[in-house]
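One-letter residues, chain by chain:
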Amino acid sequence: MSTFLIGATIVFIVINLYYFFTNKTYRKSTFSSALFLKLVLVMFSMLVGFAVIYYLFSLQDVILVQNLSSMKPIEITFLNLLYFSGETLVSVGYGDMLPVGPARFFAILELMLGILLPTAYFMKSLDLSKK
């Protein structure tokens, strides 16, 4: 039963994404695949770039802990850093990894860029649809 629900949910998501990108009734909007690809590439580059920054900081000191009360460090692997960078870039984070030290500043910067870049993309898309 759960397999069916997962499959139905995936189909529902795909249909909504299809509708979002093909619906041209709102202000005669158009989908710019070049602009979307640029957004994806920039977001991916930022994800990897911030993971490298976190890795370089981890060479000096502990930058990720499980919780602030125990300060138990997270094992530093590039995949863990990539995961932390991804969850910070595309969301507010899950709370399973908490930055400490200078990584906090970069996590906030990454979070702000993760919110502002897609917003700028949609604003640019709306601007292109007016022309």
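Just above sits the structure.
Not measured: the values here are computed from a predicted model.

Q: Is there a simple way to explain the overall build of the protein in this structure?
A: Scanning the protein from N- to C-terminus turns up 4 helices and 2 strands. Listed N to C, the secondary structure of the protein is α-α-β-α-β-α in terms of helices and strands. Going through the 131 residues of the protein one by one, you find that 24% of them count as buried. The contacts in the protein between residues at least 6 apart in sequence include a share of 63% that link residues at least 24 apart. Approximately 9,200 Å² of the protein is accessible, and the part contributed by carbon and sulfur atoms is 73%.

Q: Any chance you could explain the side chain of E87 here in plain terms?
A: Relative to the assigned elements, E87 resides in helix α3 (residues 78–90). No salt bridge is formed by the buried E87, whose closest oppositely charged neighbour, R104, lies at an N-O distance of 13 Å. If we skip the residues at most four places from it in the chain, E87 touches V92, G93, Y94, D96 and M97.

Q: Just to check I follow, could you spell out the environment of P99 for this structure?
A: Considering the arrangement of structural elements, one finds P99 in strand β2 (residues 98–99). Its relative accessible area of 16% is what places P99 among the buried residues. As a C-alpha pair, P99 and F84 span 15 residues in sequence and 9.1 Å in three-dimensional space. Beyond its immediate sequence surroundings of up to four residues, P99 is in contact with I63, L64, F84, R104 and A107.

Q: Where do I start with the side chain of S58 in this structure?
A: By the secondary structure assignment, S58 is in helix α2 (residues 33–58). With a relative accessible area of 16%, S58 lands in the buried category. Excluding anything up to four places from it in sequence, S58 contacts I63, I76 and L81.

Q: Before we go on, may I ask you to explain the packing of aromatic side chains in this structure?
A: Aromatic ring pairs are described here by two measures, namely the spacing of the ring centres and the angle between the planes. Applying the stated rule across the entire model yields 6 aromatic pairs. Relative to F106, the ring of F57 has its centre 5.3 Å away and its plane inclined at 45°; by these criteria the two rings are tilted. With F57 in helix α2 and F106 in helix α4 (residues 103–130), this pair connects stretches of sequence that are 49 residues apart. Centre to centre, the rings of Y121 and F122 are 4.9 Å apart; their planes meet at 70°, and the pair counts as edge-to-face.

Here is what the cut-offs are and how they apply
Residues numbered from 1 in each chain as written. Predicted model: local features only at pLDDT ≥ 70, side-chain atom pairs only at ≥ 80, totals over all residues. Heavy atoms only, no water. Helix = DSSP H or I, 4+ residues; strand = E, 2+ residues; numbered from the N terminus. Buried < 20%, exposed > 50% of the residue type's maximum accessible area, 1.4 Å probe, protein only. Contact = heavy atoms within 4.5 Å. Areas by Shrake-Rupley, 256 points an atom, 1.4 Å probe, with all protein chains shown as cover. Lys, Arg positive; Asp, Glu negative; His and termini not counted. Salt bridge = Lys/Arg side-chain N within 4 Å of Asp/Glu carboxyl O. Phe/Tyr/Trp six-rings, centres within 6.5 Å; stacked < 30°, edge-to-face > 60°.

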